[in-house]
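# Observations on the model geometry
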Amino acid sequence: MGIILDVKDLEVSFQTHAGEVQAVRGVTFRVNKGEAVAIVGESGSGKSVTAQTIMRLVPTPPAVIKGGSIVFDQNVDIVSLSDKQMEHIRGFEIGMIFQDPMTSLNPTMTVGRQIAEGLIKHHGLSKQKAKDRALELLNLIGIPNAAERVKQYPHQFSGGMRQRVMIAISLACSPKLLIADEPTTALDVTIQAQILDLMKELQVKLGASIIIITHDLGVVADIAQKVIVMYAGKVFERGTIREVFYNPQHPYTWGLLRSMPRLDADEDTDLIPIEGTPPNMLYPPSGCAFADRCPNAMEICVKAQPEETTLSDTHGASCWLLHPKAPQVDRGLILGGVPR
Amino acid sequence: MAIAGPYMVKYNYHAQDLYHTNLWPNAQHWFGTDALGRDLWVRVWDGARVSLFIGISAALLDLLVGVLYGGIAAFFGGKVDDVMMRIIEIMVGIPSLILNVLMIVYMGAGVGSIVIALVITGWVNMARLVRGQILQLRDQEFVLAARTLGAGNWRLILRHLIPNVFGIIIVQITFTIPSAVFSEAVLSFLGLGIKVPQASLGSLTFEALDGLRYNFYQLAFPAVVISLIMFAFNIFGDGLRDALDPKLRK
Amino acid sequence: MIEPILQVKNLKRHFNVGRNEVLRAVDGVTFDVQKGETLGLVGESGCGKSTTGRTIIRLYNATEGKVLFKGQDVHALNKKATKAFTRQMQMIFQDPYASLDPRMLVEDIIGEGIDIHDLYSGKQRRERIVSLLETVGLNADHANRYPHEFSGGQRQRVGIARALAIEPEFIIADEPISSLDVSIRAQVVNLLKQLQKERRLTYLFIAHDLAMVKHISDYIGVMYLGVLVEKASSNRLYERPLHPYTEALLSAIPTPDPEIERTRERIILKGEIPSPIHPPSGCRFRTRCPKAMPECAVKEPEWKEKEPDHFVACHLY
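Residues numbered from 1 in each chain as written. Chains lettered and ligands numbered in written order. Predicted model: local features only at pLDDT ≥ 70, side-chain atom pairs only at ≥ 80, totals over all residues.

### Focus on the overall build of chain C
- Within chain C one finds 11 helices and 12 strands.
- Scaling as 2.2 N^0.38, a compact globule of 317 residues should have a C-alpha radius of gyration of about 20 Å, and chain C matches this with 21 Å.
- Across its three principal directions, the C-alpha atoms of chain C cover 70 × 50 × 45 Å.
- In chain C, which comprises 317 residues, the share counted as buried stands at 49%. (Helix = DSSP H or I, 4+ residues; strand = E, 2+ residues; numbered from the N terminus. Rg over C-alpha atoms; globule rule 2.2 N^0.38 Å. Buried ≥ 20, exposed ≤ 12 C-beta atoms within 10 Å, placed from the backbone.)

Put into C-alpha cells, the structure is as follows:
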C-alpha cells in the first residue's frame, strides 16, 4: 500500500484588492494507492482550492502557495515544479474532472479529438492510434454507438453524457490519481447514480486513486473509503467513512450529520441545523473558525486553534474537546436523529 | 474627479469666452485669426459650445426615442417586438450619412436640423441596447416576484425595469455624445452643417482647409479640441459605468 | 368532505419553440391540496414541476385544464378578484441572487406587497417590516441595506419575508434551498416549518432533493416529463412506491450512512432523460423502465387511485 499523494501543512492565499483571502490554512492528509478519498466542505472551506492547487491550476498571481508541501507518488514535489514539468503531470499522471460538464468541454472540438489530445501529447501516440484508443474509452464509459459519437461535438451530448466524456478524457492517459471536483452536483439524481456507479467500476478496473470533492454526504458514503471534512481552510476531521460517520469527534461533523435529511428517517425527527454562517476568509478568526457557531464552544476555542488529535491510524480530529482536560460532552442525537 | 477634469477645464474657458463672443474682432489673438480676421480662440470655443450642444441634445433625444421604442418592444415581446425590430433593421440598412445629407438638404442647414438628422439615424443604437437589457431583465426572478405580489405593468416598468437599465443608459449617453459631435463635425466638414458666420468645430475645420499649407494652426486647434472632447467623454463614461454599479458601492 | 384549498385538474402548459415544435412542459397534471398541508413536488430536469408552480400562481396561462383555488378558477378572474388572489397566494423563488431587485433596499423589497395592496403606511409600515425581518431571523438594521450585502441564506430569508408580508394563505416554494449551502438548508427549512405551524399556511414545495422534500411534506407528487406518475403520503411513497420511476428515484438517492450504502440494492436506470419536446409515445417513462411492457408504447397510462390516497399512472396496475 503505497502513498500516492502526501499533502502537508498546505497554505494557499489569494491577494485581492480587499486584502489577503486565506483560502487554505494548513491542510494535511494522505491518499493511499487505489483508495477513494472524499473531501467534504461548504463554500469557503477551501476544498476546491486545495484540489486545484494539487493540479497547480490556480493562477499565481493572485494565488500564492504560502507554505506546505504536496508530494505525488512519493518523490514528485508538486509545489516546486516548473510550469513545463507540471504540464507533463497534468493529464498524464493526475487527471481532473470538473463540476460543470456544460462549460468544461471545448465546444469547437469533436469529442474524439478532445480525448485523443492528451494521448498524442503525453504518450506520443500517432493520430490513428489515439483515435482507436478514444473509441475504446468511449465504450469503456458506456456511451452507446461509440463509433458515431466519437466524431460528434459536445453540444450534441446531454449533461450526463458530457460528464462521461470528461471522465474518458481524464482517464485517457491512465493517470495514477484522479481528482473529481463536484462531478455530479450539476446532474440529475438518476444520472448521478449512473456516474457514481461508473466511477466505482473504473476505480476497480484501472486501479486508480480518486479524490472526490463534494458537499453531499450521501455521495461520500457511496463511493469513498476515507473522508476529510474541511471548514474555513482547515481540516476538522479525517478518517475512514465508518469512523467519521459512526464515531465523529468534531462538533462540525456532528452538526453536518444532524442537519442532513435522510430518506429512511422517521417523520418526527427534527433537522437540527448549524446556526450562523461560515466566516469571511478575508478576516479569519484567530481561534477555531467554527467557534462562533459551535454549541460546545469553550473559552479557549475563541483564543487558539486546536492541533489535530490522533484517534487511530486513520482517524484524526482538530478540536479542543479532545484535549485531556476538556469536559465530557453529550453528543446527543447524531445521524439525522437516529442515535448510534 | 480627475476623469472629468479636462472637460471642466474647457468649460471654464467657455465661461471666460462669454465676454469675447460678442466682439468678433478682438485685440487678443491666442489662437490666431482666420482668413477673415476673426479671432480663432473665440471661434474655437464658441464652436465647441455649438458642437457640444448639438451632441448633447442629439444624445438626449436619442435617449427619449430609443428608450421608449426599445422598452415597448422588449416589454411586450411577441409580435409587437417582431414588427418593431423589423423596422429597425430596415433603418439600419440605410447608410446614415446619406440619410443625414438628405434631411439637411430638406430642412436647410442649421443647428436644429442637424440635431434632428442625427437623432433620426442615431436612436437605433439606444433602442437596441435598451431592448436587449429589458429582455434580459423581464424574466429575472425579481420581476416575476413583483408580478406575483400583484404589481401592474406600470409599476414593473417604472420601479423595476427602468432603474436597472438606468446605469447602462447613462453610460451609453456618454458615448453617444462624442459620436454625435464627431458626426456633426463630419457634416460641417462636408459643408452641410452650420450656417456661416456661426462656428462649430466641424465648420472650422472645413474653413481651415483652404489655408492648410500655410496656416496649419487653423486646422490644428479645432481638431485637437474635437479629439479631447471625445477622449474626455469616453473616459468619463467608463468611470461612470463602474460608479453606478450598486454592487461595487461598498 | 372539506373542499381542498387547491384543486388542479388536468393542467397543461405548452410552449411554442422553433417552428411547429411544442414543448409540453406540463402535460396533464391533476392533484389536490388540503388547507394546512404541504405537498411536495419532485422530479428531475424537464419534469415540469417549476412550470406547474408558476402556472398555478398565474405567471403563465394554462394551455388546458383548470386550477381552482378555494373553488375559483384562477385563470378566469377579473381584475379585482385577481388582486385579491395575489394576497392569498405567494411564491418563494429559487435563486437568492436573482429574486431580489438589486437596486432596491431590503425595506422596500419586503414592503412592495404592502405598498401594492395599500395595507399600511408610514410608521405602521415600518413596524410591520421590522417585525417580518425578525420573524425570519434577521433584524431591523438589515432593512436599510441592498441585497448584494447579504449572503445567499440571508437573501432567501428576505424572500420569505417578502412573501409573508401580505399574509397569504398559500405559499409555493420553488426550489427554495437548492442554491444554498448545505449547512444553511436546514435553517431555512426549519423556518418554513415553524411559519407553517404559526400561521396555518399551506405549502406547495417544489424541489429535486427528495430527502428534504420528504422531511417537510405530508404528501409527495412525483413528476416525469410533464406528467405526475405517483402521489402518496411521504411515508407511503417511501415504504411502498408503486411506480418504477419512483422506485428508481428512491434508489438513486445516496444515504449518508456507509453501512446502508454498501449493502442496499440499487436500481440504476439506463439511458438519458428524453427531451420534453419529443416525449416517447404512450408512457413517457417506458424508454428507461425496467418493467416496460408492449402496452406501454401504445397507450398513456391512466391516473388512478390505486389505494386510498395513493395515486399512480402505470400499466402495471
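Picking up after the structure, the text goes on.
### A look at the overall build of chain A
- Across its full length, chain A holds 11 helices and 12 strands.
- Taken over the C-alpha trace, chain A has a radius of gyration of 21 Å; the compact-globule value for 340 residues is 20 Å, and the two agree within 12%.
- Counting all 340 residues of chain A, 49% fall into the buried class.

### Some thoughts on the nonpolar core
- In terms of nonpolar packing, the biggest core is built from 194 residues, with Ala168(A) and Val229(C) touching the most fellow members.
- Element by element, the count of residues in this core is highest for helix H6 (residues 159-171) of chain A, at 7 residues.
- When residues no more than four places from it in sequence are discounted, the contact partners of Ala168(A) are Ile115(A), Leu137(A), Leu138(A) and Ile141(A).
- Counting 44 residues, the second largest nonpolar core, distinct from the first, contains Tyr69(B), Val115(B), Ile134(B) and Ala208(B). (Core = buried A, V, L, I, M, F, W, Y, C linked by C-beta atoms within 7 Å. Contact = placed C-beta atoms within 7 Å.)

### Description of the packing of helix H5 (residues 111-138) of chain B against helix H7 (residues 153-189) of chain B
Residues and elements named next belong to chain B.
- H7 packs onto H5 with a crossing angle of 155° between their chain directions and a minimal axis gap of 10 Å. With respect to H7, the axis of H5 lies roughly antiparallel. Crossing hand, H5 versus H7: right-handed. Residues Ile114, Leu118, Gly122, Met126, Leu129, Val130, Gln133, Ile134 and Leu137 of H5 pack against Leu161, Asn164, Val165, Ile168, Ile169, Gln172, Thr176, Ala180, Ser183, Glu184 and Leu187 of H7. (Axes fitted to C-alpha atoms, helices over the stretch in contact; angles between N-to-C directions. Parallel < 35°, antiparallel > 145°, perpendicular 65-115°, else oblique. Left-handed = near helix turned anticlockwise from the far one by under 90°.)

### Describing the pairing of strand S9 (residues 219-224) of chain C
All names here are of chain C.
- In terms of burial, S9 is a largely internal element, 6 of the 6 residues being buried.
- As paired strands, strand S3 (residues 38-42) and S9 are joined by 4 bridges and run parallel to one another. Paired with Leu41 across the two strands is Gly221, which belongs to S9.
- With antiparallel pairing between neighbouring strands as the criterion, S9 and strand S10 (residues 227-233) make up a hairpin whose turn holds 2 residues, including Leu225 at a positive phi of roughly 50°. (Pairing = 2+ DSSP bridges.)

### Considerations on the interface of chain C and chain A
- Every contact between the two is made by 35 residues of chain C and, on the other side, 37 residues of chain A.
- For the side of chain C that touches chain A, the element with the highest residue contribution is helix H6 (residues 182-199) of chain C, accounting for 6 residues.
- For the side of chain C that touches chain A, the residue count by class is 18 nonpolar, 11 polar and 6 charged. (Nonpolar A, V, L, I, M, F, W, Y, C, P; charged D, E, K, R; others polar.)

### Considering the sheet that holds S9(C)
Residues and elements named next belong to chain C.
- Spatially, S6-S7-S8-S3-S9-S10-S12-S11 is the arrangement adopted by the 8 strands of the open sheet, whose pairing is mixed. Of all the strands in the sheet, the pair left with one neighbour each is strand S6 (89-92) and strand S11 (304-307). Adjacent strand axes in the sheet meet at a mean angle of 20° when their direction is disregarded.

### Thoughts on the confidence of the model for chain C
- Taken as a whole, chain C shows an average pLDDT of 90; of its residues, 100% reach a score of 70 or greater.
- In the predicted complex, the global pTM is 0.82; the interface-specific ipTM is 0.83. (pLDDT = per-residue confidence, 0-100.)

### Thoughts on the interface of chain B and chain C
- At the junction of the two partners, chain B supplies 17 residues and chain C supplies 22 residues.
- Elements represented by at least two residues in the side of chain B that touches chain C include exactly helix H6 (141-149) and H7 of chain B.
- Classifying every residue of the side of chain B that touches chain C gives 8 nonpolar, 5 polar and 4 charged.

### Overview of unusual backbone geometry
All names here are of chain A.
- Of note, Asp9 is a non-glycine position whose phi angle comes to about 50°, a positive value.
- Counting through the fold element by element, Asp9 comes out in strand S1 (residues 3-16).
- Using a count of 13 C-beta atoms within 10 Å as the deciding quantity, one classes Asp9 as partly exposed.
- A positive phi angle, near 55°, is found at Asn145, a position not held by glycine.

### Brief notes about the environment of Glu35(A)
- Among the structural elements, Glu35(A) can be located in the loop between strand S2 (19-32) and strand S3 (36-40).
- Distance from Glu35(A) to Val229(A), taken between C-alpha atoms, is 17 Å for residues 194 residues apart in sequence.

### Regarding the sheet that holds strand S4 (residues 64-69) of chain C
Residues and elements named next belong to chain C.
- Taken in spatial order, the 4 strands make up an open sheet running S2-S1-S4-S5, and their pairing is antiparallel. Since the sheet does not close on itself, it has two edges, and those belong to strand S2 (21-33) and strand S5 (72-73), each with one partner.
- Two elements, strand S1 (residues 6-17) and S2, share 9 bridges in a ladder whose sense is antiparallel. By the bridge assignment, Arg13 is partnered in S2 with Val26.

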